[in-house]
Amino acid sequence: MPDRFVIPNPKPGPYVLGPDSQRRPGVPKGAITKAEWRSTIFPGTIRDYWVYVPAQYTPDKPANLMVFQDGGGYLAEDGETRVPIVFDNLIHQGRMPVTIGLFVDPGRFPPTAQGKEPVSNRLFEYMPLTDQYARFLIEEMMPEVRRSYRISDEPEHRGICGASAGGVCSWTVAWQRPDAFRKVLSHVGSFAHVLEWPANEYPTLIRKTPRKPIRVYLQAGSNDLDHEWGYWPLINLEMAAALNFAGYDYHLEYGDGEHDTKHGGAILPESLVWLWQ
């Protein structure tokens, strides 16, 4: 059995973006295309998605794949994570394999009346502990990417990332379908009992279920949310303790941040290197 889990002291901020999160001269820039998708697995929803293809991609060799929930936020080059810049730098340095990025926004329903806003389907997609979102990726989004690019068939060559409910979603996809995804990056994951979705059951499920071939990096903050649905610092520590108990290949990065991606963005280069090593 692994060594007993020890609660770490939070690593203090401030969390700043390092050189691998900045554009560097001479580093080839990947191409990004945007499109819209109408889902049948989530009937009636429309969503934006983007495909990032590194400059080093060639069709003679299948690329790795990494999916990002709330994709538009992770895509922004002036945001807290700046994934395309980090991918460009790490792939150029050889510290990360050639990886296509699939950035997917949550589904939305058209406005119910003139002057109304679209209705988000985010929590209904991200929080359930079912295989529905995994099927959405495997049966709808990945075949669409494959129409233009070669993606590896090996589940070890596929990762998935998200923040908050997107972190729960990322873990659920790998938990439900480790035959398709085996690398998870969760930023301030909402592993709580939110509305009707008991994601707080995951630590017990992890302890009682034979270990699955998943490699997971958890980022959490001691000043994360605390309300009627749960205490986010504690639920992420419980996840880490369960992963440790069950013998998973995991890493916990515990800071003093809040419910945002500032810490996750600052450590994104090292977390991606760890995940893909």
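Anything mentioned here points back to the structure above.
Residues numbered from 1 in each chain as written. Predicted model: local features only at pLDDT ≥ 70, side-chain atom pairs only at ≥ 80, totals over all residues. Heavy atoms only, no water.

Draft legend 1. Layout of the environment of serine 170. Its place among the elements puts serine 170 in helix 5 (residues 165-176). For the pair serine 170 and valine 216, spaced 46 residues apart in the sequence, the C-alpha separation amounts to 9.9 Å. A polar contact is formed between the side chain of serine 170 and the backbone nitrogen of glycine 162, at a distance of 3.2 Å. (Helix = DSSP H or I, 4+ residues; strand = E, 2+ residues; numbered from the N terminus. Polar contact = N/O pair within 3.5 Å; in protein donor to acceptor, adjacent residues only side chain to side chain.)

Draft legend 2. Representation of the packing of aromatic side chains in the model. By the definition in use, this model includes 16 aromatic pairs. With 5.5 Å between their ring centres and 80° between their planes, tyrosine 52 and phenylalanine 87 make a pair best called edge-to-face. Separated by 35 residues along the polypeptide, tyrosine 52 in strand 2 (residues 46-53) and phenylalanine 87 in helix 2 (residues 83-93) bring together distant segments of the chain. Neither residue differs from the other here; tyrosine 52 and phenylalanine 87 are each classed as buried. Three or more aromatic residues link up through ring pairs in this structure, and these residues are Tyr52, Phe68, Tyr74, Phe87 and Phe103. Against the face of phenylalanine 245 rests arginine 207, its NZ or CZ located 4.9 Å from the ring centre. Note that arginine 215 overlies the ring of tryptophan 274, its terminal NZ or CZ placed 3.7 Å from the centroid. (Phe/Tyr/Trp six-rings, centres within 6.5 Å; stacked < 30°, edge-to-face > 60°. Buried < 20%, exposed > 50% of the residue type's maximum accessible area, 1.4 Å probe, protein only. Lys NZ or Arg CZ within 6 Å of the ring centre and 35° of its normal.)

Draft legend 3. Inspection of the side chain of serine 164 at higher detail. Along the chain, the position of serine 164 falls in the loop between strand 7 (158-163) and helix 5. Among residues more than four places away in sequence, those in contact with serine 164 are Arg122, His187, Val188, Gly189, Ser190 and His259. (Contact = heavy atoms within 4.5 Å.)

Draft legend 4. Seen up close, helix 5. Given a rise of 1.5 Å per residue, twelve residues ought to cover 16 Å, and the 16 Å separating the end C-alpha atoms of helix 5 matches this to within 8%. Summarising burial for helix 5: eleven of the twelve residues are buried, a large majority. (Expected span 1.5 Å × (residues − 1).)

Draft legend 5. Fine view of the pattern of salt bridges. Scanning all chains against the criterion turns up 17 salt bridges. Measuring nitrogen to oxygen at the nearest pair gives 3.3 Å for the salt bridge that ties aspartate 20 to arginine 24. One network of salt bridges, in which partners are shared, links Glu36, Arg38, Asp48 and Arg108. (Salt bridge = Lys/Arg side-chain N within 4 Å of Asp/Glu carboxyl O.)

Draft legend 6. Structural detail: the nonpolar core. Core analysis: the biggest nonpolar cluster contains 58 residues, and Leu102, Tyr133, Phe136, Leu137, Trp171, Phe181 and Ile206 have the highest contact counts within it. Sequence-distant contacts of phenylalanine 181, defined by excluding residues within four places in its chain, comprise Val67, Leu137, Ile138, Met142, Pro155, Arg158, Gly159, Ile160, Val173 and Ala174. Membership of the second largest hydrophobic core comes to 25 residues, among which are Trp50, Phe68, Cys161 and Ile267. (Core = buried A, V, L, I, M, F, W, Y, C linked by side-chain atoms within 4.5 Å.)

Draft legend 7. Broad picture of unusual backbone geometry. Of the consecutive residues glycine 13 and proline 14, the connecting peptide bond is found in the cis state with omega at 5°. With respect to the secondary-structure elements, proline 14 resides in the segment before strand 1 (31-38). A positive phi angle, near 55°, is found at arginine 82, a position not held by glycine. If you trace the backbone, arginine 82 turns up in the loop between helix 1 (71-75) and helix 2. Even without being glycine, valine 188 reaches a positive phi, approximately 40°.

Draft legend 8. Representation of the side chain of aspartate 20. Checked against the element boundaries, aspartate 20 lands in the segment before strand 1. Reaching out from aspartate 20, the side chain makes a polar contact with the side chain of glutamine 93 at a distance of 2.9 Å.

Draft legend 9. Fine view of the pairing of strand 4 (residues 99-104). Most of strand 4 sits out of view: six of its six residues are buried. Both faces of strand 4 are covered, namely the face carrying Thr99, Gly101 and Phe103 and the face carrying Ile100, Leu102 and Val104. Note: strand 2 against strand 4, four bridges, orientation antiparallel. Looking at the pairing, tyrosine 52 lines up with glycine 101 of strand 4. Judged from the six bridges that link them, strand 3 (residues 64-69) and strand 4 form a sheet pairing that is parallel. Across the sheet, residue leucine 65 finds its bridge partner in strand 4, namely isoleucine 100. (Pairing = 2+ DSSP bridges.)

Draft legend 10. The arrangement of helix 7 (residues 232-245) in detail. In a regular helix each residue adds 1.5 Å, so 14 residues correspond to 20 Å; helix 7 covers 20 Å between its end C-alpha atoms and thus fits that length. Turning to helix 7, its buried residues are Trp232, Pro233, Ile235, Asn236, Leu237, Met239, Ala240, Ala241, Ala242, Leu243 and Asn244. One or two residues past the end of helix 7 sits glycine 247, with phi positive at roughly 80°.

Just distances and angles here, no functional claims.
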